[in-house]
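Remarks on the overall topology
What follows is each chain in one-letter form.
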Amino acid sequence: MLNEKVKNLINEQINKEMYSAYLYLDFSNYFGGKGLSGFAKWYRHQADEEMEHAFKFYDYLHDNGEKVELLAIAKPDKKLTNDIEVLKEGLKHEQYVTSLINTIYDAAFDVKDYRTMQFLDWFVKEQLEEEVNAEELINKYELFGKNEASLFELNKELGKRD
Ligand code: MG
């Protein structure tokens, strides 16, 4: 059995990861609507990954004999005004998710829940990767996004993600 606070935080994290999927689907929706199909595909892929994260937390609760409470998923609330702002919202969101993972880690640490700490190690590593990916996208857009020919190439490159 898990500590009540740890369990509740993990339960909430399922919802936050599903919200992340929803948010990135909205990003995909934004870029798809602009004809930037490579960016759209990249974020669609990102949305799939977020659902996988949600299921990892879901399975962890079940593996520990806990029942999951499925909460309402919020409507994506980021204003998608222009390309670079969308990419920056992505980075801000990943930094926020990192802080959520750290909060769960803190709670597990407080009650010497080594099992949960070890489970969370994967997410600690994953969040570094997510932040790096988001920063790279911003850098690439700042370098290549202003010129139509290079934006075309960048869009093509991002469309290769699978
Ligand atoms: Mg995630």
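My aim in this report is to walk through the structure given alongside it, one point at a time.

Going through the model one piece at a time under the given rule, you end up with 13 aromatic pairs. Where F57 meets F119, the ring centres are 5.6 Å apart and the plane angle is 85°; that geometry is what we call edge-to-face. Residue F57 is located in helix α2 (residues 37-63), and its partner F119 is located in helix α4 (residues 114-144); the two are separated by 62 residues in the primary sequence. You can call F57 buried: its relative accessible area is 0%. F119 sits in the buried class, given a relative accessible area of 17%. The side chain of K56 reaches across the aromatic face of W122, ending 4.2 Å from its centre. Taking the ring centre of W42 as reference, the NZ or CZ of R161 above it sits at 4.3 Å.

This part is about the packing of helix α3 (residues 83-110) against α4. The geometry of α3 relative to α4 is characterised by a closest axis approach of 9 Å and an angle of 165° between their N-to-C directions. Viewed along their axes, α3 and α4 adopt a mutual orientation that is roughly antiparallel. Between α3 and α4 the crossing geometry is left-handed.

As a further point, take the coordination of the magnesium ion. Between any two of four tetrahedral donors, the ideal angle at the metal is 109.5 degrees; between two of six octahedral donors, it is 90 or 180 degrees. In this structure, E17 (OE), E50 (OE) and H53 (ND1) serve as the protein donors to the magnesium ion, at separations of 2.1 to 2.2 Å. Here the donor residues of the magnesium ion are spaced in sequence according to E-x32-E-x2-H. One end of the pair, E50, and the other, H53, are both in helix α2, three residues apart, so they sit about a helical turn from each other. Across the pair, exposure class does not vary: E50 and H53 are buried alike.

This brings us to the environment of W122. Tracing the backbone through its elements, the reader meets W122 in helix α4. Residue classification places W122 among the partly exposed residues on the basis of a relative accessible area of 38%. Look past the residues within four positions of W122 in its chain and what remains in contact with it is H53 and K56.

Its place among the elements puts A40 in helix α2. Taking relative accessible area as the criterion, A40 reaches 11% and is therefore assigned buried. Sequence spacing of A40 and E4 is 36 residues, and the spatial spacing of their C-alpha atoms is 39 Å. Leave out the neighbours within four places in its chain, and A40 touches S28, F31 and G32.

With 24 residues, the main nonpolar core has F31, F39, Y43 and L87 as its most contacted residues. Broken down by secondary-structure element, the contributors of at least two residues to this core are α1 (4-33), α2, α3, α4 and α5 (148-158). With seven residues, α1 is the single largest residue contributor to this core. Beyond its immediate chain neighbours, meaning those up to four positions away, L87 contacts F31, Y43, L137, I138 and Y141.

Reading the values: the criteria
- Residues numbered from 1 in each chain as written.
- Predicted model: local features only at pLDDT ≥ 70, side-chain atom pairs only at ≥ 80, totals over all residues.
- Heavy atoms only, no water.
- Phe/Tyr/Trp six-rings, centres within 6.5 Å; stacked < 30°, edge-to-face > 60°.
- Helix = DSSP H or I, 4+ residues; strand = E, 2+ residues; numbered from the N terminus.
- Buried < 20%, exposed > 50% of the residue type's maximum accessible area, 1.4 Å probe, protein only.
- Lys NZ or Arg CZ within 6 Å of the ring centre and 35° of its normal.
- Axes fitted to C-alpha atoms, helices over the stretch in contact; angles between N-to-C directions.
- Parallel < 35°, antiparallel > 145°, perpendicular 65-115°, else oblique.
- Left-handed = near helix turned anticlockwise from the far one by under 90°.
- Donors = N, O, S within 2.8 Å, 3.2 Å for Na, K, Ca; no water.
- Contact = heavy atoms within 4.5 Å.
- Core = buried A, V, L, I, M, F, W, Y, C linked by side-chain atoms within 4.5 Å.

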